Structures are given as structure tokens and as C-alpha cells.
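Chain by chain, the residues:
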Amino acid sequence: MTADHTAADRFAQAVRHCPLVAILRGVRPDEIEAMADVLVEAGFAMIEVPLNSPDPLVSIEKIAHRYGSNALVGAGTVLNVDQVDAVRDAGGTLVVSPNVNPAVIARSVAHDMVSLPGYATPTEAFAALDAGAHGLKLFPAEAASPAVLKAQLAVIPRHVPVLAVGGVTPENLSDWMAAGAAGGGLGSALYKAGRSAEDVDKAAKAFVREVHRLID
């Protein structure tokens, strides 16, 4: 992902390459590079380190330096503008939130970082888009359904990538994408604290195989 492209361009490119966000909640700085290595090798183009992980900015800095030219690397659970600034200073280019905070979205856009806020209703979705969000994550997806997403996408602009986040597995990814999701954000089905790089590698490859079966 070349640096001269805008955040919107880089996000669109990542979604085309592999519309899956790896959510590494609980990952430690001493293991982050091993996890990122297997994810990028498997084909992931978006990696998120939630800010409630141990020393998350250290992890983000490490993988942004290692893979920032080839993947969108950044933070999840970003709740305020100071955190956006900190992620930017660590080299991150992706800002993921569980909620719609127009100030967080606007600061991300001002820094030319990809903004991917979480929403649950059309009201929240349009508030996020009005603030400049590049995409949306339906969160928590377990509280909705593919049918709910399909109904929402009747009004959400077609060009906006919507990712299902929460409870997404290789087995149900097809249901979400059939309803119109561009892809998904993957949490404990991909990584959880204590999981080995080998196990993450197996899960990552299973997700990538499935998503390419669906989009190719």
C-alpha cells in the first residue's frame, strides 16, 4: 500500500485484497511480530491491536515498522482523540472503534488514517458517514443477524464497505457476505491471549481460504 494513496484508497485496496480484519486483543509486544508474520503470510491486509491489550502502542509500532507498507496496521477500541494521536505517533494507519464518536472519526480523517467505527443502527451508521468514516463495522454482530444487515444495506450507500464483527467464523462468514457484508472482523475465532502462532496460522489460513472462495 503505497504511502502516496489516500486513506480511502488504502482501505479500498486492503478490502479488495482480503476483506478481513485480524483483531489481536490481548496480544503482547513480545509475540506481536510472530503473529503478524503468519497473518501477512496467510494473506491478511488489515491488523488491529485493541488498546486494552498489554502495551498496545509498542505492538503497533513494531508491526507498523515491519508491515506498514503492505498492510493497514492500527488500533481497536479507540475511544478519544488523544488515542487517535497516539496511534498515529506509533505509526498506525487504521483506527477502529466500538462506537460512533464523530470527534474520533474526524481526527482520524484529519491524520489521513482509515476510520472504521462500530455501529448498530442506521442512525449510527449515517452519523459515522457524515463524520467521514471510510467504512463501518456492524458491532456486535451477534446482537444482529445477516437479515438485519441486509435490511440496513437497503439504505446504507452501496460503496461503503460494512464488516461484520463479533462471532464471525469460517462457517458463518458466507451468511454475512451473502447478506451484503464486505467481509468481517475476526476476534477469538482467530486469536485470543495465549494462542500460539501455529494455531493462529491455521485459523488465518482457514479464514482466507473461505473469503477467497466467496469473492473469487
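What counts and what doesn't
- Residues numbered from 1 in each chain as written.
- Predicted model: local features only at pLDDT ≥ 70, side-chain atom pairs only at ≥ 80, totals over all residues.
- Heavy atoms only, no water.
- Pairing = 2+ DSSP bridges.
- Helix = DSSP H or I, 4+ residues; strand = E, 2+ residues; numbered from the N terminus.
- Axes fitted to C-alpha atoms, helices over the stretch in contact; angles between N-to-C directions.
- Parallel < 35°, antiparallel > 145°, perpendicular 65-115°, else oblique.
- Left-handed = near helix turned anticlockwise from the far one by under 90°.
- Contact = heavy atoms within 4.5 Å.
- Nonpolar A, V, L, I, M, F, W, Y, C, P; charged D, E, K, R; others polar.
- Core = buried A, V, L, I, M, F, W, Y, C linked by side-chain atoms within 4.5 Å.
- Buried < 20%, exposed > 50% of the residue type's maximum accessible area, 1.4 Å probe, protein only.

Considering the sheet that holds strand 1 (residues 20–23)
Line of reasoning, step 1. Reading across from one edge, 5-4-3-2-1-9-8-7-6 is the order of the nine strands in this open sheet, with parallel pairing throughout. Because the sheet does not close on itself, it has two edges, and the strands there are strand 5 (114–116) and strand 6 (118–119).
Line of reasoning, step 2. Two strands pair when backbone bridges link them, and strand 2 (residues 46–50) and strand 3 (residues 72–76) are joined in this way by five bridges, in the parallel orientation. Counted as the bridge partner of Pro50 is Gly76 from strand 3.

A few points about the packing of helix 2 (residues 29–42) against helix 3 (residues 56–67)
Line of reasoning, step 1. Running from amino to carboxyl end, helix 2 crosses helix 3 at an angle of 40 degrees, the nearest separation of the two axes being 9 Å. Judged by the inter-axis angle, helix 2 sits oblique to helix 3. For the crossing formed where helix 2 meets helix 3, the hand is right-handed. Between helix 2 and helix 3, the residues in contact are Pro29, Asp30, Ile32, Glu33, Ala36, Asp37 and Val40 and Val58, Ser59, Lys62, Ile63, Arg66 and Tyr67, respectively.
Line of reasoning, step 2. The residue makeup of the contact of helix 2 with helix 3, split by class, is seven nonpolar, one polar and five charged.

Some words on the nonpolar core
Line of reasoning, step 1. Counting 60 residues, the largest nonpolar core has Leu39, Phe44, Leu136, Leu149 and Leu190 as the members making the most contacts within it.
Line of reasoning, step 2. The dominant element in this core, judged by the number of residues it contributes, is helix 9 (residues 197–215), at seven residues.
Line of reasoning, step 3. In contact with Phe44, not counting residues within four places along its chain, are Cys18, Leu20, Val21, Ala22, Leu39, Leu186, Leu190, Ala204, Phe207 and Val208.
Line of reasoning, step 4. Core analysis: the next-biggest nonpolar cluster, separate from the first, contains 15 residues, Val15, Ile23, Val114 and Leu163 among them.

What is shown is where atoms sit, not what they do.
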